[in-house]
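Remarks on the overall topology
As a plain string of letters, each chain reads:
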Amino acid sequence: MPTRRSRRQNSSRRRSSTVARPVIGITTYVTQAQWGNWDVEAALVPAAYVQAVERAGGRPVLIPPSQDGIAETLDAVDGLLFSGGSDLDPDLYEQEPHNETVGVVRERDRAELALLEAALARDMPVLAVCRGSQVLNVARGGDLVQHLPDVVGDEKHKHTPGTFADHDVTLEDGTRLAALLGERAPVKSHHHQGFGRVGEGLRVAAYAEDGTIEAVEDPSHRFALGVLWHPEAGEDMKLFEELVRQARG
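To start, this report covers the structure provided alongside it. (Residues numbered from 1 in each chain as written. Predicted model: local features only at pLDDT ≥ 70, side-chain atom pairs only at ≥ 80, totals over all residues. Heavy atoms only, no water.)

1. Some words on helix 2 (residues 47-55)
- Those residues of helix 2 not exposed but buried are Tyr49, Ala52 and Val53. Seen end-on, helix 2 carries its buried residues on one side only, within an arc spanning 95 degrees.
- In the stretch just after helix 2, Gly57 is the one whose phi turns positive, near 100 degrees. (Buried < 20%, exposed > 50% of the residue type's maximum accessible area, 1.4 Å probe, protein only. Helix = DSSP H or I, 4+ residues; strand = E, 2+ residues; numbered from the N terminus. Arc of directions from axis to C-beta.)

Here it is as structure tokens:
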């Protein structure tokens, strides 16, 4: 009969023979939430992000916003996914707030900027989604259009609150994003803000049909992409698969 020690040794051998999944940290919201009898502040993220990382072969872990312990956090993960959420504080890019700029959470803004800067300094793989892509642009000294309808004349990028808008984007030839998605791709959007001045070192990687910028990337890093759309809401896993592949390497 196997002893407890031999069972532990067998279990250890099984674990060592299995290829470990790359750990992907996903930034979270901090917001009021309800479940059961509770109505409390919670650190959370839509499950679609978690499921997308799992489908791509990664091991998702949630990272609540904090400026403490950033080095320890990065030591524990192989790549980062910056999730969507509320508007960034316009003070970060030296603008007065627009009337439509709402839901600002300054603690999250500053925590994610610090986390992103530290991750890029390590050349860690980063995929930044919607708000996350705006964090990437602001981190590089860029700014935002606080309300796209003022520029494009309609709300096609967020026509119904809580519902994704379907449209196509055109990918810029020669970009990392075009190599992954091709010349044109259908996407799901839900944003009322967009890119203004593109940050230093970033290049535009995609445009919407109305000419607004939909994605940026940093060619000086092995994988640092920011997309305004929500790939976790679609069926195409290429961006998540590449994030996991880069994190594995």
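2. A closer look at the packing of aromatic side chains
- Per the stated rule, a full pass over the model turns up zero aromatic pairs.
- We note Arg108 situated over the ring of Tyr29; from NZ or CZ to the ring centre the distance is 4.8 Å. (Phe/Tyr/Trp six-rings, centres within 6.5 Å; stacked < 30°, edge-to-face > 60°. Lys NZ or Arg CZ within 6 Å of the ring centre and 35° of its normal.)

3. Considering unusual backbone geometry
- Despite not being glycine, Asp123 shows a phi value in the positive range, around 55 degrees.
- Along the chain, Asp123 turns up in the loop between helix 4 (106-121) and strand 6 (126-129).
- Among the residues examined, Asp123 registers a relative accessible area of 27% and is labelled partly exposed.
- Despite not being glycine, Cys130 shows a phi value in the positive range, around 50 degrees.
- Along the chain, the position of Cys130 falls in the loop between strand 6 and helix 5 (131-139).
- Judged by its relative accessible area of 5%, Cys130 is buried.

4. Here we look at the nonpolar core
- Residues Leu81, Leu127, Leu177, Trp229 and Leu239 are the most contacted members of the largest nonpolar core, which totals 32 residues.
- Sort the elements by how many residues they give to this core and helix 8 (residues 238-248) lands first, with five residues.
- Aside from chain neighbours lying at most four places away, what touches Leu177 is Leu171, Gly182, Ala205, Ala206, Ala215, Glu217, Leu225, Val227, Trp229 and Leu239.
- Judged by nonpolar contacts, the second largest core, of 29 residues, contains Leu74, Ala119, Met124 and Val126. (Core = buried A, V, L, I, M, F, W, Y, C linked by side-chain atoms within 4.5 Å. Contact = heavy atoms within 4.5 Å.)

5. Quick notes on the pairing of strand 3 (residues 38-44)
- Two strands pair when backbone bridges link them, and strand 2 (residues 29-35) and strand 3 are joined in this way by seven bridges, in the antiparallel orientation. Paired with Gln34 across the bridge in strand 3 is Asp39.
- Linking strand 2 to strand 3, which pair antiparallel, is a turn of two residues; within it Gly36 sits at a positive phi near 55 degrees. (Pairing = 2+ DSSP bridges.)

6. Concerning the pattern of salt bridges
- Summed over the entire model, instances satisfying the criterion amount to 17 salt bridges.
- Measuring nitrogen to oxygen at the nearest pair gives 4.0 Å for the salt bridge that ties Glu235 to Arg55. Residue Glu235 is located in the loop between strand 13 (224-227) and helix 8, and its partner Arg55 is located in helix 2; the two are separated by 180 residues in the primary sequence.
- Among the salt bridges present, the one from Glu112 reaches Arg108, with a minimum N-O distance of 2.5 Å. One end of the pair is Glu112 and the other is Arg108, both in helix 4 and four residues apart, which spans about a single turn. There is no split in this pair, since Glu112 and Arg108 are both buried.
- Ionic contacts of the salt-bridge type, sharing partners, join the residues Arg108, Asp109, Glu112 and Arg131 into one network. (Salt bridge = Lys/Arg side-chain N within 4 Å of Asp/Glu carboxyl O.)

7. Considerations on the sheet that holds strand 1 (residues 23-27)
- Within the open sheet, the nine strands sit side by side as 4-1-5-6-13-12-11-8-9. Their pairing is mixed. A single partner strand is all that each edge strand has here, and the edge strands are strand 4 (59-63) and strand 9 (184-189). If you compare each strand with its neighbour and ignore which way they point, the axes differ by 25 degrees on average.
- Where strand 1 and strand 4 come together, five bridges link them in parallel fashion. Bridging across to strand 4, Gly25 finds its partner in Val61. (Axes fitted to C-alpha atoms, helices over the stretch in contact; angles between N-to-C directions.)

8. Structural notes on the pairing of strand 5 (residues 79-82)
- Side chains Gly79 and Leu81 project from strand 5 onto one buried face, and the interleaved Leu80 and Phe82 project onto a second face that is buried too.
- Sheet topology note: the strand 5/strand 6 ladder contains three bridges and is parallel. Within strand 6, the position partnered with Leu81 by the bridge is Leu127.
- This β-α-β element, strand 5 to helix 4 to strand 6, shows right-handed connectivity. (Right-handed = clockwise from strand over helix to strand, strands pointing away.)

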